[in-house]
Amino acid sequence: MLKTFDGIEAVKEYMIDLQIGRRNLTLEEESYYRGLKYNAQKGKRGIALQLAQEGRGEEAVNIAENLAEQFNVTSRTIKNDGKYAQGLNKLSTELRNEVLQ
């Protein structure tokens, strides 16, 4: 089945959602993918906040709380996952894969 996306960010979010949906994820992988999702949505939030301040956008939402509810964890866990993902992304691909295994 062929899918179309609005942009590269939509593709990345789709791929993260696919990975999160897997049943055989380790705790480290689960945390990493939640962090990637949080960081991606947090980046979009800056644009939404600017538009909201100018009166052109929707009301700002707490991304950490929304994701925490979705994944049945605390919002603090989601924020920590974001930091974890940022840290892992600084590593080489081989080392990152080793940590996630």
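The coordinates are above.
Below is a summary of the structure that appears in this document.

Conventions used here
Residues numbered from 1 in each chain as written. Predicted model: local features only at pLDDT ≥ 70, side-chain atom pairs only at ≥ 80, totals over all residues. Heavy atoms only, no water. Patch = residues over 30% accessible without salt bridge, like charges linked within 9 Å, V, L, I, M, F, W, Y side chains within 5 Å. Areas by Shrake-Rupley, 256 points an atom, 1.4 Å probe, with all protein chains shown as cover. Salt bridge = Lys/Arg side-chain N within 4 Å of Asp/Glu carboxyl O. Helix = DSSP H or I, 4+ residues; strand = E, 2+ residues; numbered from the N terminus. Buried < 20%, exposed > 50% of the residue type's maximum accessible area, 1.4 Å probe, protein only. Axes fitted to C-alpha atoms, helices over the stretch in contact; angles between N-to-C directions. Parallel < 35°, antiparallel > 145°, perpendicular 65-115°, else oblique. Contact = heavy atoms within 4.5 Å. Nonpolar A, V, L, I, M, F, W, Y, C, P; charged D, E, K, R; others polar. Phe/Tyr/Trp six-rings, centres within 6.5 Å; stacked < 30°, edge-to-face > 60°.

1. Some remarks on a nonpolar patch on the surface
Thought 1: Taken together, the side chains of Phe5, Tyr14, Met15 and Leu18 make up a nonpolar region of the molecular surface, amounting to roughly 370 Å² of accessible area.
Thought 2: Residue placement: Leu18 occurs in helix α1 (residues 8-20).
Thought 3: Look at Leu18 and you get partly exposed, because its relative accessible area is 47%.

2. Here's the deal with unusual backbone geometry
Thought 1: In this structure, Asn72 is a non-glycine residue whose phi angle is positive, near 60 degrees.
Thought 2: Mapping Asn72 onto the fold places it in the loop between α3 (63-71) and α4 (75-89).

3. With respect to the packing of α4 against helix α5 (residues 93-100)
Thought 1: Relative orientation of the contacting elements α4 and α5 amounts to 140 degrees, with a least axis distance of 9 Å. When the interaxial angle is binned, α4 and α5 end up oblique. Every residue of α5 that contacts α4 at Tyr84, Leu88 and Asn89 is listed here: Arg96, Val99 and Leu100.
Thought 2: For the contact of α4 with α5, a count of residues per class yields four nonpolar, one polar and one charged.

4. Some details on the packing of aromatic side chains
Thought 1: Tallied over the full model, the rule gives two aromatic pairs.
Thought 2: Between Phe5 and Tyr14, the aromatic rings sit 5.2 Å apart at their centres with planes inclined by 55 degrees, giving tilted as the arrangement.
Thought 3: Look at Phe5 and you get partly exposed, because its relative accessible area is 35%.
Thought 4: Assessed through its relative accessible area of 31%, Tyr14 is described here as partly exposed.

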